[in-house]
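Below are the chains, spelled out letter by letter.
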Amino acid sequence: MLVTGVAGFIGMHCAKRLLARGDTVIGVDNLSPYYSVTLKEDRLKLLAGRNFSFDKVDVANAAALKRIFAKGKPDRVLHLAAQAGVRYSLENPAAYVQANVVGFANLLECCRERPPRHLVFASSSSVYGANNKLPWSESQAVDRPLSMYAATKKSNELMAHVYSHLYGVPMTGLRYFTVYGPWGRPDMSPMLFARAILDGKPIPVFNKGEMQRDFTYVDDIVEGTIRVLDKPAPYAIYNIGNHEPVSLLDYIRALERVLGRKAKLKMKPMQPGDVKATYADTRALKAAVGFAPRTPLSAGLERFAQWFKSYYGYK
């Protein structure tokens, strides 16, 4: 198995599950300083063992990526490397084009030259953009993105369709919905909010709290991703979310309960590039692989809070 973005949040968890069941994993990551490299290195320590090898490679480096494919001859490819973050894409769009478009094009060329049995790649719920018909379904048009990040993820879906059609390589895109859990990204709300609550600092609450997110626990993401990886399809796109939107204020209250502290709230306007609500229709995923995420937010946040306090040294 080749896992790109292996030092990332979802990448590490997927690689860990693959190793646990006996697969050999080739991990690739450029250890981007977009957020803490120490956190990424600590994730990699959880994967160390004889069935795991790691190469510090940027997928935007075509020659280096070709060498990985030539040496490893991967049976299946899980592509999770990307420049993440909706808001940062407004500040540095070039980083998204380089990592998410050029990098993905390089990966597709490697898959054309040395076809794996299946390529599974990370798309995003952000591709739904201005769609206001909820829940979001794979049958809806996704041609109105609201951020550069969303546009690059939609481009990945289109590029994969071309390569699947022309060269017969099975490819599946997964539209992940607001993933959270232990070892998460520091730029996402669970980490940002937990730190603010425990430090007694105010939480910025966008759109005055009138927002909803379909929070999806990382173990469910891993289960769905690996089931899809094991079941090649000529070309497919699936939502992978909890099918249960939660209001921002209810989410903050749930975090308060698991952390045992009250939050200070600072109401702010809607942010450019954001959407008011996300809500996954997961029927297609369930029909394809017999699974859809189901971890309650309260249970997932409890596990996240235990990890967060332990890792960062909070009492």
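None of the values given here were measured: they were computed from a predicted structure. (Residues numbered from 1 in each chain as written. Predicted model: local features only at pLDDT ≥ 70, side-chain atom pairs only at ≥ 80, totals over all residues. Heavy atoms only, no water.)

### Focus: helix α6 (residues 148-167)
Now for step 1: When the terminal C-alpha atoms of α6 are compared, their 28 Å separation across 20 residues agrees well with the 28 Å that a helix rising 1.5 Å per residue should span.
Now for step 2: Three or more residues of α6 are buried, namely Tyr 149, Ala 150, Thr 152, Lys 153, Ser 155, Asn 156, Glu 157, Met 159, Ala 160, Tyr 163 and Ser 164.
Now for step 3: Those residues of α6 that are buried are in contact with α4 (88-91), α5 (93-113), β5 (118-124), β6 (171-176) and β11 (235-240).
Now for step 4: Looking one or two residues past α6, Gly 168 carries a phi angle of roughly 70 degrees, positive in sign. (Helix = DSSP H or I, 4+ residues; strand = E, 2+ residues; numbered from the N terminus. Expected span 1.5 Å × (residues − 1). Buried < 20%, exposed > 50% of the residue type's maximum accessible area, 1.4 Å probe, protein only. Contact = heavy atoms within 4.5 Å.)

### A few points about the pairing of strand β2 (residues 25-29)
Now for step 1: In terms of burial, β2 is a largely internal element, five of the five residues being buried.
Now for step 2: On β2, burial covers both faces: Val 25, Gly 27 and Asp 29 on one face and Ile 26 and Val 28 on the other are all buried.
Now for step 3: Note that strand β1 (residues 2-4) and β2 share three bridges and pair parallel. Looking across to β2, one finds that Leu 2 is bridged to Ile 26.
Now for step 4: Read as a crossover between parallel neighbours, the route from β1 over helix α1 (residues 9-20) to β2 is right-handed.
Now for step 5: Where β2 lies against strand β3 (residues 52-56), five bridges are found, and the strand directions are parallel. (Pairing = 2+ DSSP bridges. Right-handed = clockwise from strand over helix to strand, strands pointing away.)

### A look at the packing of helix α7 (residues 189-199) against helix α9 (residues 248-259)
Now for step 1: Look at α7 against α9: their axes get within 11 Å of each other, and the N-to-C directions meet at 55 degrees. Considering their axes alone, α7 and α9 lie oblique with respect to each other. In this structure, α7 crosses over α9, and the sense of that crossing is right-handed. For the pair formed by α7 and α9, the contact residues are Ser 189, Pro 190, Phe 193, Ala 194, Ile 197 and Leu 198 on the first element and Leu 248, Tyr 251, Ile 252, Leu 255 and Leu 259 on the second.
Now for step 2: Grouping the amino acids of the contact of α7 with α9 by side-chain chemistry returns ten nonpolar, one polar and no charged. (Axes fitted to C-alpha atoms, helices over the stretch in contact; angles between N-to-C directions. Parallel < 35°, antiparallel > 145°, perpendicular 65-115°, else oblique. Left-handed = near helix turned anticlockwise from the far one by under 90°. Nonpolar A, V, L, I, M, F, W, Y, C, P; charged D, E, K, R; others polar.)

### Quick word on the nonpolar core
Now for step 1: Counting 69 residues, the largest nonpolar core has Tyr 176, Tyr 251, Leu 255 and Leu 301 as its most contacted members.
Now for step 2: Ranked by size, the runner-up nonpolar core spans 24 residues in total, among them Ala 64, Leu 119, Phe 121 and Ala 160. (Core = buried A, V, L, I, M, F, W, Y, C linked by side-chain atoms within 4.5 Å.)

### A word on the pattern of salt bridges
Now for step 1: Scanning the model with the defined rule gives 16 salt bridges in all.
Now for step 2: A salt bridge links Arg 76 to Asp 75, with the shortest nitrogen-to-oxygen separation between them at 3.0 Å.
Now for step 3: Accessibility expressed as a relative area gives 12% for Arg 76, which makes it buried.
Now for step 4: The class of Asp 75 is partly exposed, set by a relative accessible area of 31%.
Now for step 5: Beyond isolated ion pairs, a larger network of salt bridges with shared partners links Arg 21, Asp 23, Asp 75, Arg 76, Arg 117 and Asp 230. (Salt bridge = Lys/Arg side-chain N within 4 Å of Asp/Glu carboxyl O.)

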